[in-house]
2 protein chains.
Amino acid sequence: MAGKTVTACMLIIGNEILSGRTQDTNLNFLAKALNELGVRLTEARVIPDIEATIVETVNETRAKFDHVFTTGGIGPTHDDITAVCIAKAFGVDVVFHPDIAARIRGRETAPEIMESRLLMARVPQGATLIDNTTGGPQGFQMGNVFVMAGVPMVMQAMVGALTKERLGGTDPMRSRTIGAYLGESEVAKQLGELQAKHPAVDIGSYPFYRKAGYGTNLVIRGTDEAELEVLAKALRALITAMGAEAHDDGV
Amino acid sequence: MAGKTVTACMLIIGNEILSGRTQDTNLNFLAKALNELGVRLTEARVIPDIEATIVETVNETRAKFDHVFTTGGIGPTHDDITAVCIAKAFGVDVVFHPDIAARIRGRETAPEIMESRLLMARVPQGATLIDNTTGGPQGFQMGNVFVMAGVPMVMQAMVGALTKERLGGTDPMRSRTIGAYLGESEVAKQLGELQAKHPAVDIGSYPFYRKAGYGTNLVIRGTDEAELEVLAKALRALITAMGAEAHDDGV
């Protein structure tokens, strides 16, 4: 039984992604996790460490999507401004969260360094925590905005702390991939017809070019396993009719 | 001599990125290429293959940024709707571009397959071409919107065809990375002070956690080589003063 689609937007906050210094992998990780949690990642944005941009983007997207997930900008340095920006977006004060502060104080260090580290305990007033099983400072949730670290290991720990119940997720998104050494154009027309017949399933076609030859992976996505099975059969038949071999799980 | 900053927004069009099926690498490639071309990638968005979303996002971003670069959705299947969406965004008709069509017709195939392949010759009226040195169908430019393929090999060929002159690029963006086995918090305060003294340079701090230990890479970015050199010296001195070793090109 399919419920209402729960939508999400991801905000990747960080100059290092836009400058090309760092290859983002958090989007891909979050996308897959949300499929399982029954939440649909509907858009993602990469934005720079600029206060006005972050505040404006958070306010635009939290009104437009059921959930917003941010990564990046919650460390202890001058460019870590996410917590302050979220507080501004919600029009609330920034406060020190005692549970995060306690965790930070648990690891002794020199006073000046501790002062910087404690900046990571800042959250908007009213925020609740997102656990961080690596033992470092927690992330936080403010309204429908989930604020997580940018370092992949830490971000992944925080995503792992999210539950379907907390997100109000519905049916998990399932997919099948069927690949063949066939050009996209050779199946384009029939694919369009199948898509028109099955509007609840998303049919994608992804060409590849490899040493072994060129071909196409066909991907079907939806929440209804039975309908996916019917479509998978139709795709296999289509490929076979074109004189090629259908590969389950793609080529 | 630094000119006015030329800004760019990238639109990654494709359900496969949002579903987690495909790890995007085009953003990172374009970001690095734009650094060299003297254009600043200021924002990126990943949006689904939905006409209304594409049209609205193109119109919002082409008004807001000097350039918009799109990837994805220019193949021959039902989900390849980028050309049609760009035409709608600009309020012009879709036409068949004779040069793209000639290239497609140069590779013989069955009539029904040719019909699908020729869909890749559709461009908005008034578009100019972006060359594709892989020999496949070209991309196109419409106003300040540059429309490229999603397949990385093809996308990279199209980016390679762009010139600084065509984009009106200014000074290339340069960067230095200096790394150390020091926690971010240990240099946080001083970094903030250096950033305040050098507002034209972007100073970023990126923590890492590895088997060899944890540490931080400090990245400085700007167009003025002399200023970068001054800052690099200051960062090396800061790291040494903390009792650690400064590694040029990062750890």
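Quick caveat: nothing in here was measured; it's all calculated off a predicted structure.

Draft legend 1. Representation of the interface of chain A and chain B. Chain A puts 63 residues into the contact, and the matching count from chain B is 63 residues. For the pair chain A and chain B, the summed buried surface comes to about 4800 Å²; carbon and sulfur atoms form 53% of the total. Summed over the shared surface of chain A and chain B, the result is 2 salt bridges. Of the charged contacts, one joins Lys189(B) and Glu115(A) as a salt bridge, the two residues approaching to 3.9 Å between their closest N and O atoms. There are 16 residue pairs in polar contact (both at pLDDT 80 or more) connecting chain A and chain B. The set of elements that each furnish at least two residues to the side of chain A that touches chain B consists of α1 (15–18), α2 (26–37), β2 (40–47), α3 (51–64), α6 (111–117), α9 (184–197), β10 (202–210) and β11 (213–222) of chain A. The biggest single contributor to the side of chain A that touches chain B is α9(A), with 9 residues. Residues of the side of chain A that touches chain B, tallied by class, amount to 22 nonpolar, 21 polar and 20 charged. Pairing of β2(A) with strand β2 (residues 40–47) of chain B, which is carried by 3 bridges, proceeds in the antiparallel orientation. Bridging across to β2(B), Val46(A) finds its partner in Ala44(B).

Draft legend 2. A look at the relation of the copies chain A and chain B. In screw terms, the move from chain A to chain B is a rotation of 180° and a rise of 0.0 Å along the axis, fitting with an RMSD of 0.0 Å. In symmetry terms, the pair is related by a two-fold rotation axis. No C-alpha of chain A lies nearer the rotation axis than that of Arg45(A), which sits 2.1 Å from it. The overlap is high: 100% of the interface residues of chain A also sit at the interface in chain B, so the same surface is used on both sides.

Draft legend 3. Region of the structure containing the nonpolar core. With 111 residues, the main nonpolar core has Leu34(A), Phe69(A), Met148(A), Leu34(B), Phe69(B) and Met148(B) as its most contacted residues. Non-local contacts of Phe69(A), meaning those with residues more than four positions away in its chain, are made with Ala8(A), Cys9(A), Met10(A), Leu11(A), Leu30(A), Leu34(A), Phe146(A), Met148(A), Leu162(A) and Leu167(A). With 17 residues, the next largest nonpolar core counts Ile178(B), Ala232(B), Leu235(B) and Ala244(B) among its residues.

Draft legend 4. Region of the structure containing the packing of aromatic side chains. Taken as a whole, this structure holds 4 aromatic pairs over all chains when the rule is applied. Where Phe69(B) meets Phe146(B), the ring centres are 5.0 Å apart and the plane angle is 25°; that geometry is what we call stacked. Of this pair, Phe69(B) sits in strand β3 (residues 67–71) while Phe146(B) sits in strand β8 (residues 145–148); the two residues are 77 residues apart in sequence, bridging distant segments of the chain. Classification of Phe69(B) as buried rests on a relative accessible area of 0%. The side chain of Arg62(A) reaches across the aromatic face of Phe90(A), ending 3.7 Å from its centre. When the ring centre of Phe208(B) is taken as origin, the NZ or CZ atom of Arg210(B), which lies over that ring, is 4.0 Å away.

Draft legend 5. How the structure looks around the environment of Asp224(A). Residues and elements named next belong to chain A. Positionally, Asp224 belongs in the loop between β11 and α10 (225–241). Judged by its relative accessible area of 39%, Asp224 is partly exposed. Remark: the alpha-carbon pair of Asp224 and Val201, spanning 23 residues in sequence, is separated by 8.4 Å. Here Ala226 takes part through its backbone nitrogen, which lies 3.0 Å from a polar atom of the side chain of Asp224.

Draft legend 6. Spotlight on α9(A). If you check α9(A), its first and last C-alpha atoms are 19 Å apart, about what 14 residues at 1.5 Å a residue would give, namely 20 Å. If you look at α9(A), its biggest bend is around 35°, right at Gln190(A). Every buried residue belonging to α9(A) is among Glu184(A), Ser185(A), Glu186(A), Val187(A), Ala188(A), Leu191(A), Leu194(A) and Gln195(A), and all of these are buried. Those residues of α9(A) that are buried lie in contact with β10, β11 and α10 of chain A together with α6 (111–117) of chain B.

Draft legend 7. Local environment of the pairing of strand β1 (residues 7–13) of chain A. All names here are of chain A. For β1, a buried count of 7 out of 7 residues is recorded, marking the element as mostly surrounded by other parts of the structure. Where β1 lies against β2, 7 bridges are found, and the strand directions are parallel. Bridge pairing in β2 links Ile12 to Val46. Of the strand pairs in this sheet, β1 and strand β3 (residues 67–71) are connected by 5 bridges, and their pairing is parallel.

Draft legend 8. Region of interest: the pattern of salt bridges. In total, this model carries 22 salt bridges over all chains according to the counting rule given. Residue Asp131(A) is joined to Arg103(A) by a salt bridge in which the shortest nitrogen-to-oxygen separation is 3.5 Å. In this pair, Asp131(A) sits in the loop between β6 (128–130) and β7 (139–142) while Arg103(A) sits in helix α5 (residues 98–105), placing the two residues 28 residues apart along the sequence. By relative accessible area, which is 37% here, Asp131(A) ends up partly exposed. Asp66(B) is paired through a salt bridge with Lys4(B); the nearest N and O atoms lie 3.2 Å apart. A residue pair is termed long-range when its members are at least 10 positions apart, and Asp66(B) in the loop between α3 (51–64) and β3 and Lys4(B) in the segment before β1 (7–13) qualify at 62 residues.

Draft legend 9. Looking closely at the pairing of strand β9 (residues 174–180) of chain B. Where β9(B) and strand β11 (residues 213–222) of chain B come together, 7 bridges link them in antiparallel fashion. Within the sheet, the bridge partner assigned to Arg174(B) lies in β11(B) and is Gly222(B).

Conventions adopted
- Residues numbered from 1 in each chain as written.
- Chains lettered and ligands numbered in written order.
- Predicted model: local features only at pLDDT ≥ 70, side-chain atom pairs only at ≥ 80, totals over all residues.
- Heavy atoms only, no water.
- Contact = heavy atoms within 4.5 Å.
- Buried area = accessible area lost by both parts, 1.4 Å probe.
- Salt bridge = Lys/Arg side-chain N within 4 Å of Asp/Glu carboxyl O.
- Polar contact = N/O pair within 3.5 Å; in protein donor to acceptor, adjacent residues only side chain to side chain.
- Helix = DSSP H or I, 4+ residues; strand = E, 2+ residues; numbered from the N terminus.
- Nonpolar A, V, L, I, M, F, W, Y, C, P; charged D, E, K, R; others polar.
- Pairing = 2+ DSSP bridges.
- Least-squares fit on C-alpha atoms with pLDDT ≥ 70 in both.
- Core = buried A, V, L, I, M, F, W, Y, C linked by side-chain atoms within 4.5 Å.
- Buried < 20%, exposed > 50% of the residue type's maximum accessible area, 1.4 Å probe, protein only.
- Phe/Tyr/Trp six-rings, centres within 6.5 Å; stacked < 30°, edge-to-face > 60°.
- Lys NZ or Arg CZ within 6 Å of the ring centre and 35° of its normal.
- Expected span 1.5 Å × (residues − 1).
- Bend = angle between axes of the 7 residues up to and from the residue.

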